[in-house]
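Spelled out, the chains give:
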Amino acid sequence: MAKYTKEQIIQICDEQDVEFIRLQFIDVLGIPKNVAVTRSQLEKVLEDGMMFDGSSIEGFARIEESDMYLRPDLDTFVIYPWRPQKGKVARFICDVYDSKNENPFEGDPRGILRRQMAEAEKLGYTFNVGNECEFFLFKTDEDGRPTTDTNDEAGYFDLDPIDAGTDARRDICLTLEKMGFEIEASHHEVAEGQHEIDFKYADALTTADNVVTFRLVVKTMAKKYGLHATFIPKPIFGINGSGMHTNMSLFKDGKNAFFDPTNDLQLSSTAYSFIAGVLKHVAGITAVTNPLVNSYKRLVPGYEAPCYIAWSASNRTDIIRIPASRGAGTRVELRSPDPSTNPYLCLACCLAAGLDGIKNNLPAPESVDINLFKSTPEERKALGVKSLPGNLYEALKVMEEDGLVKEVLGSHAYKAFYTSKMAEWDSFRMFVSQWELDNYLTVY
């Protein structure tokens, strides 16, 4: 996205008839929030920030220290293309500061990612990421409420008229381009009603910002077509769920640090150690990369979602795959995250895991090139291949044991995240589902 000075932003707002400015931030669970101001307050906000009540936001301040500040990141300024041409609406993504407006708030997800990127910079690295975000389009009922009825019966790479989501997907892409995205591809995914739009990689902070913006645009444009867009990982039993494959690379001195043309796979020792670090910690960060009870209904064999901890240069049943591109395009693809994750925390944990491998010069295990979905437990044991946690509770316990997430998030955000997710698990554990009634009510 374009980078502006304060003076340029004020001038653009005047020339473009911007009357409303949304100051957006994100809570520890990845839910976007905002405080809105009118054009008359713009200069004051750009100079002093905006005070807000942090005690009402998940993972933010306690009630006795509730006053916090939003500071707009000028690089994130954009005008919403879908709002009225007269009296336009603009947006900033903000960093959160403490009650004295002096220090970054330790629990701000953007700040957490910034801290990990600074750790990489100490080693001379820039962390670049490209995400592949999948989502479903569902019909709405006569009251506009979402259903789980898909608006098409299409499959992978199908086109209209079978793919009835073509028009909505096209408008999503065009809107994103107006907001500064470079759209690389869009297509129908494997499952009925499932879609994917890929945008160009960027530094990790920009990519995390883009994921949040992407989700907003997808939902907004879908609504214009009378549809509901969802990023729930597994909305329908028996078909593929939605993932957010995360393509990562480190650059050093302007060159891709993962590329080594002299190696058989053209991967550097840095790349192998990064892979080793991610494999070491991937189970421990799964509560962050896959944060919903529903996430673990996607991470099962048979639906293209990886659940086995291994890597390969091409095998899509492994949790890490190395795409074929080399040179500047050399990257490590982590296939387990899903689009319900908080992208800032997800990328911070992935980077920290990879850096742990690099700092400790960890060797990558042998690649696993068999179809793990069709392998037996004995075969996987012989190969040393372990599985991801099977549910949210298991993931939270492994997260506790691993320790990396607590180190990355800091005690404040970690406690808020853990407490919220454990409450979610308890609520699910005690809920009586329709499945139980269907299977037990007439039998027992």
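**Some points on the pattern of salt bridges**
Phase 1 of the analysis: Counted according to the given criterion, the structure contains 21 salt bridges.
Phase 2 of the analysis: Across the pair Glu-43 and Arg-39 runs a salt bridge whose closest N-O atoms are separated by 3.0 Å.
Phase 3 of the analysis: Given a relative accessible area of 17%, Arg-39 falls into the buried group.
Phase 4 of the analysis: A salt bridge links Arg-110 to Asp-209, with the nearest nitrogen and oxygen atoms 2.6 Å apart. Taken together, the residues Arg-110 in helix H3 (residues 109–122) and Asp-209 in helix H5 (residues 204–224) connect sequence positions 99 residues apart.
Phase 5 of the analysis: Note on Arg-110: relative accessible area 1%, which makes it buried.
Phase 6 of the analysis: Look at Asp-209 and you get buried, because its relative accessible area is 7%.

**A closer look at the packing of H3 against helix H11 (residues 404–430)**
Phase 1 of the analysis: Their axes nearest at 9 Å, the elements H3 and H11 cross at an angle of 155°. By the criterion of interaxial angle, the relationship of H3 to H11 is roughly antiparallel. The hand of the H3/H11 crossing is right-handed. For the pair H3 and H11, contact is made by Ile-112, Arg-115 and Gln-116 and by Val-408, Leu-409 and Ala-413, respectively.

**Overview of the pairing of strand E2 (residues 32–38)**
Phase 1 of the analysis: Where strand E1 (residues 18–26) lies against E2, seven bridges are found, and the strand directions are antiparallel. Bridging across to E2, Arg-22 finds its partner in Ala-36.
Phase 2 of the analysis: Count of turn residues in the E1/E2 antiparallel hairpin: five residues, of which Gly-30 carries a positive phi of about 95°.

**Some remarks on unusual backbone geometry**
Phase 1 of the analysis: If you check the backbone angles, Asp-17 has positive phi at about 60° while not being a glycine.
Phase 2 of the analysis: Tracing the chain through its elements places Asp-17 in the loop between helix H1 (6–15) and E1.

So, how was this worked out
Residues numbered from 1 in each chain as written. Predicted model: local features only at pLDDT ≥ 70, side-chain atom pairs only at ≥ 80, totals over all residues. Heavy atoms only, no water. Salt bridge = Lys/Arg side-chain N within 4 Å of Asp/Glu carboxyl O. Buried < 20%, exposed > 50% of the residue type's maximum accessible area, 1.4 Å probe, protein only. Helix = DSSP H or I, 4+ residues; strand = E, 2+ residues; numbered from the N terminus. Axes fitted to C-alpha atoms, helices over the stretch in contact; angles between N-to-C directions. Parallel < 35°, antiparallel > 145°, perpendicular 65-115°, else oblique. Left-handed = near helix turned anticlockwise from the far one by under 90°. Contact = heavy atoms within 4.5 Å. Pairing = 2+ DSSP bridges.

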